[in-house]
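# Secondary and tertiary structure notes
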Amino acid sequence: MRIITFSLKVFLVAGIIGIFVLLPVNCTGDQLQDIDLVDISNNSLDVFSISNVNSGSKRLWAHFCAVYIVTIFVCYLLYYEYKYVSSKRIAYFHSSKPQPHQFTILVRGIPVSVGSSISDSIQSFFTEYHPSTYLSHMVVRRTNKLRALINDAKKLYRRIIHLQSSPTQNKYRPGNCFGLFGRKVDIVDQYEKKLEDIQENVRLGQSDVSLAGEEIPAAFVSFTSRYGAAIAFHLRQSINPIQWVTEQAPEPNDVYWPFFSSSFMRRWICKLVVVVACILLTILFLIPVVFVQGLTNLSQLEVLFPFLKSILTITFVSEVITGYLPSLILMLFLKMVPPIMELLSSIQGYISHSGIEKSACDKVLWFTIWNIFFATAFSGSVLYQVSIVLDPRNIPAKLAVAVPAQASFFIAYVVTSGWTSTASELFRLVPFLWSLMRKPCTRSTDDDLEVPSIPYHRDIPRLLFFGLLGITYFFLAPLILPFLLLYFCFGYIVYRNQFINVYAPKYETAGKFWPIVHNSMIFSLVLMHAIAVGIFTLKKLSLATTLIFPLPVLTLLFNEYCRKRFLPIFTAYSAETLIKKDRDDQNDAAMAEFFDKLVTAYQDPALMPIQLSANPDSLNSPLLSST
């Protein structure tokens, strides 16, 4: 919601400047009449862009001033928002009750001497080097097989409950001869026996996992104070940098248990594989981008597919193919990117679901910027206008018209991807259709439904990409701004409803995603400055080009100041904050009970005793219960 309100403020000011100042300036120009480019002069949207302003015209100073005004306003808002979110993050920390992750760190690369266990090594190390604050530890164990068994037990339990609670359900079936002959067998009785077998296998598996052979050289180590945990986290514990490696522990319900790998080398290789996979995915995605850009050129389509020539002459068909269809195809391909990036981040070694989503958010954002903005712009202007290379004398003039002309594609992209995604978010059509398809197969009941949480790695990059489009194109083609304003207004209404009535957070990030927002907006500003330099150069306004050069330098200096001033608050809390909070808790009588629970807070759920009941009366009882 802060991203949406921030974008509304930016584009409200940019919209006033763009619609009431720059748009009339662009319309009064006649540059397009002086350049014989048939494909562009037939496009009515280009009349409203900077391409229509005459080269060397003093009217271009309006665009120059607009770039400066919007840059200053965006930087002011970025500073205000960074300061506000930072203060809210600290206020949340001070007002929150004691949380297990505030007192706990994760330790990996634990060396084990001959004749001792991992638990013994941890005990001796931390009692020697952190004797005053060390409280307890919980060694991580391999439980992949156990989790699979418990999932099977859950599915079977739900199936039994569904059969017992549905009077119309057929609970009997023939017992032999492929279901043609023989006595009828009680399905519920069969499932109950199978469930008992799985329960027994789970208990045996838990006892086997408890042996030292299933231990992983990693553990959650808890301390008696937040300051003690912070000291252990920030200090390097060993002379060997790959031993006793520490990192902050996530919330217990945020831990991604399959993340633990056996060695430092394996984690390093996984990160390298993910980087290579992201690069390959980025390159392969250029195929649909090039295909989409081919759809925007009717002449190329007629050459490639001569049999479509008669159909493409129909006005309605040509407008749909060149206007709406490319953005729609691109949007469908982009739907696959967030799940793929989340999968890649999950094997990269992150220890929490929030860490995975934060990493996936970064990947999706830069993937979108590179493959949608840059690939579309270059394939739509440079590659699409390959013929201009044959006439080098007119390259600057033609390029000055062709680059802003891509605004028509991005306006269609905002309508198809932005408006459509926001509308589908309100109705949640995809989850609804998926639930209808899987319900007959899984026999799920209303009690099986889980409250969804917002996928940050899908929605935040989309909002930030539209912010990039608005900032980079507001002075080139201001006509895109009303479409963006409508998108963010609609998004404010929809997401406010979703947060109140639909979504429930699975973990608390305390504002950790905001640095991504800040960096993205700084990148958008610098990109806008680079485009402005090119446009003013091509428009033969050399003085404006010279005066624009200090702007990206000042913007980057502002970003460096914000990085020094606010970013440390998002990476770790200060000693002043931690000690003050610890002193406030010293007089709290509930801290003794909290420390008792902290000892087992990070126990693997797969190792907890389970009790499953096939009784209809237990329909509303918890599936997993500890003894």
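Look above for the structure.
Residues numbered from 1 in each chain as written. Predicted model: local features only at pLDDT ≥ 70, side-chain atom pairs only at ≥ 80, totals over all residues. Heavy atoms only, no water.

### Remarks on the sheet that holds strand β5 (residues 215–223)
Using the following cut-off: For two strands to be treated as a pair, DSSP must find no fewer than two bridges joining them. The numbering of helices and of strands both runs from the N terminus, where a helix is a DSSP run of H or I of at least 4 residues and a strand a run of E of at least 2. Geometry is summarised by axes, namely lines fitted to C-alpha atoms with helices restricted to the contacting stretch, and by angles between N-to-C directions that run from 0 to 180 degrees. Throughout, a contact is declared for two residues whenever any of their heavy atoms are within 4.5 Å.
An order of β2-β5-β1-β6 is seen for the four strands of this open sheet, with the pairing classed as antiparallel. In this open sheet, the two edge strands, each paired with only one partner strand, are β2 (134–141) and β6 (245–248). Put simply, the sheet's adjacent strands are angled 30 degrees from each other on average, direction ignored. For strand β1 (residues 104–108) and β6, the ladder comprises four bridges, and the chain directions are antiparallel. Counterpart to V107 in the pairing with β6 is T246. Along the sheet face, helix α26 (residues 591–598) touches β1, β2 and β5 and points at about 175 degrees away from the line of β5.

### Some details on the layout of surface pockets
To keep things clear, this is the line we draw: Within this scheme a cavity is a closed region of a 1 Å grid, computed over the protein atoms alone, that accommodates a 1.4 Å probe without allowing it to escape, whereas a pocket is open but has protein on both sides within 12 Å along at least five of seven lines; lining residues each have an atom within 4 Å of a point. Grid points are joined across faces, edges and corners, and a volume is the space filled by probe spheres set on the points. For this classification, the nonpolar set comprises Ala, Val, Leu, Ile, Met, Phe, Trp, Tyr, Cys and Pro, the charged set comprises Asp, Glu, Lys and Arg, and every other residue, Gly included, is treated as polar. Residue ranges assigned to the domains are those given by an automatic or database domain assignment.
The space that makes up the second largest pocket amounts to roughly 1400 Å³. Lining the second largest pocket are 48 residues; nearest its centre among them are Q248, A249, I351, K512 and T571. Where the lining of the second largest pocket is concerned, the elements lending two or more residues are α4 (60–95), β1, α8 (226–234), β6, α9 (264–284), α15 (353–381) and α24 (567–571). For the lining of the second largest pocket, the class distribution of residues is 22 nonpolar, 14 polar and twelve charged. Inspection of the lining of the second largest pocket shows a minimum of three residues originating in each of domain 1 (1–97 + 409–442 + 452–573) and domain 2 (100–262 + 591–607).

### Thoughts on the pattern of salt bridges
Operational definition: Between Lys or Arg on one side and Asp or Glu on the other, a salt bridge is scored when a side-chain nitrogen of the former is within 4 Å of a carboxyl oxygen of the latter. Using a 1.4 Å probe on the protein chains alone, a residue whose accessible area is under 20% of its type maximum counts as buried, one over 50% counts as exposed, and one in between counts as partly exposed.
Scanning the entire structure with this criterion turns up ten salt bridges. A salt bridge links R226 to D582; the shortest N-O distance between them is 3.1 Å. Here R226 is found in helix α8, whereas its partner D582 is found in helix α25 (residues 575–585), with 356 residues between them in sequence. The exposure class of R226 is buried, given its relative accessible area of 2%.

### Things to note about the packing of α9 against helix α14 (residues 337–346)
Basically, it comes down to this: Note on terminology: angles under 35 degrees are roughly parallel, angles over 145 are roughly antiparallel, angles of 65 to 115 are roughly perpendicular, and the others are oblique. Each crossing is labelled by how the near helix is turned from the far one, with a counterclockwise turn of less than a right angle marking it left-handed and a clockwise turn marking it right-handed.
Between α9 and α14, whose axes approach to 10 Å, the crossing angle comes to 165 degrees. Here α9 lies roughly antiparallel to α14, going by the angle between them. As α9 runs across α14, the sense of the crossing is right-handed. Residues V274, A277, C278 and L281 of α9 pack against I340, M341 and L344 of α14. Looking at the contact of α9 with α14 residue by residue, the class counts come to seven nonpolar, no polar and no charged.

Keep in mind these values describe shape, not function.
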